[in-house]
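Coordinate analysis (summary)
Listed below are the residues making up each chain.
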Amino acid sequence: MHTFLPTSIVGSLPKPSWLAQPETLWSPWKLEGDALVEGQQDALRIAVQEQTRRGIDIISDGEQTRQHFVTTFIEHLSGVDFEHRRTVRIRDRYDASVPTVVGPVRRERPVFVDGARFLRTLTDRPIKWALPGPMTMIDTLSDAHYGSREKLAWEFATILNQEARELEAAGVDVIQFDEPAFNVFFDEVKDWGVAALERAAEGLRAETVVHICYGYGIKANTDWKATLGSQWRQYEESFPLLRQSSIDTVSLESHHSHVPIELIELIRGKKVMLGAIDVASEEIETPEEVADTLRKALAFVDADKLIPSTNCGMAPFPREVALGKLSALGAGARILHDELAGARSSALVS
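Description of the structure in this document. (Residues numbered from 1 in each chain as written. Predicted model: local features only at pLDDT ≥ 70, side-chain atom pairs only at ≥ 80, totals over all residues. Heavy atoms only, no water.)

The next point concerns the packing of aromatic side chains. Evaluation of the coordinates by the stated rule reveals 7 aromatic pairs. Ring centres of Phe112 and Trp129 lie 5.8 Å apart, and the angle between their planes is 40°; this geometry places the pair in the tilted category. Of the two residues, Phe112 is situated in the loop between strand 3 (94-107) and helix 3 (113-122) and Trp129 in strand 4 (residues 127-132); the sequence distance between them amounts to 17 residues. Comparing Phe112 with Trp129, the two get one shared label, buried. Aromatic ring contacts, followed pair by pair, group Tyr214, Trp224, Trp232, Tyr235 and Phe239 into a single cluster. In this structure, Arg66 packs its charged tip against the face of Phe112, placed 4.8 Å from the ring centre. For Arg149, the ring lying beneath its charged end belongs to Phe185, and the centroid distance is 4.8 Å. (Phe/Tyr/Trp six-rings, centres within 6.5 Å; stacked < 30°, edge-to-face > 60°. Helix = DSSP H or I, 4+ residues; strand = E, 2+ residues; numbered from the N terminus. Buried < 20%, exposed > 50% of the residue type's maximum accessible area, 1.4 Å probe, protein only. Lys NZ or Arg CZ within 6 Å of the ring centre and 35° of its normal.)

What follows is about the pattern of salt bridges. By the definition in use, this model includes 26 salt bridges. Measuring nitrogen to oxygen at the nearest pair gives 3.9 Å for the salt bridge that ties Glu202 to Arg199. By relative accessible area, Arg199 is classed as partly exposed at 22%. The partner of Lys219 in a salt bridge is Asp223, and the shortest N-O contact between them spans 2.6 Å. With Lys219 and Asp223 both in helix 7 (residues 219-225) and 4 residues apart, the pair spans about one turn of that helix. Looking at Asp223, the relative accessible area reads 39%, which means it is partly exposed. Where salt bridges share partners, they join Glu288, Asp292, Arg295, Lys296 and Glu339 into one cluster. (Salt bridge = Lys/Arg side-chain N within 4 Å of Asp/Glu carboxyl O.)

By themselves these figures say nothing about function.
Structure representation (structure tokens):
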């Protein structure tokens, strides 16, 4: 395992075909009850094994116990009605049928802690668990109770902090908050979004990450990206605020995006989890392509703060594509690791 340029994936991996429909986002489970728990644990074993053998240093669950990166958490909360759904505009991009907040939201019991505790038994490497961020949670719901996006976000931040503290106690080393909404609602990010995120991470000793990307490689997202022009400069809104925040690491999309690489300078001093794997194309990157993406970032982030990663999750991919991309990430990071190690050795000798 490398502690210098440690590799990590952002989120999801494909689920086994016996657990859920392949190449389908948010597919229903094929199992129920105890069989589902057993199946999810088997899927976690596979995810850990594949990450380990392909050179991933910080091990994630690959979202093998979750149908959806946001609503799986929400469905365990009281105050949310999944029967009476409403259609809302998700991140100003596409319409979706979502559950409705009908009363005070409460976390009655841990949501992911059992899964994290099981993941901890499968590897000696650092492990990471992802949670939805407060702003992205409120953008994936209809609110019929609070009447204020900000007020509901603060409620969710408190709930997320409860879950994050228990994940840490279960042995999780890195806790990631997914906030794709930060690339859309700039005024809210400034007014209360970053503050709510900090509340969710308050008091944690584990490393904290905020992941901000341009979404899965689904049509609604690729169509939106096509409207953004030759340069995607949305990070200019959130990065200066995050640089001053208590969050340890900022995760961003880079490879095959139109994000100007120099925007990373706006978070100088933070750890940077750099997306060097494209999740909008099934073409598997070469290790040298990955290494080149990482090299370009070194002008704006110190090497000891760079974490090679994926742009987003890979659940919609065929399994062989996702695993090939994992191998490319691990091998590409290794190329740069060896280059930098060799350069340091030469400097010491001279």
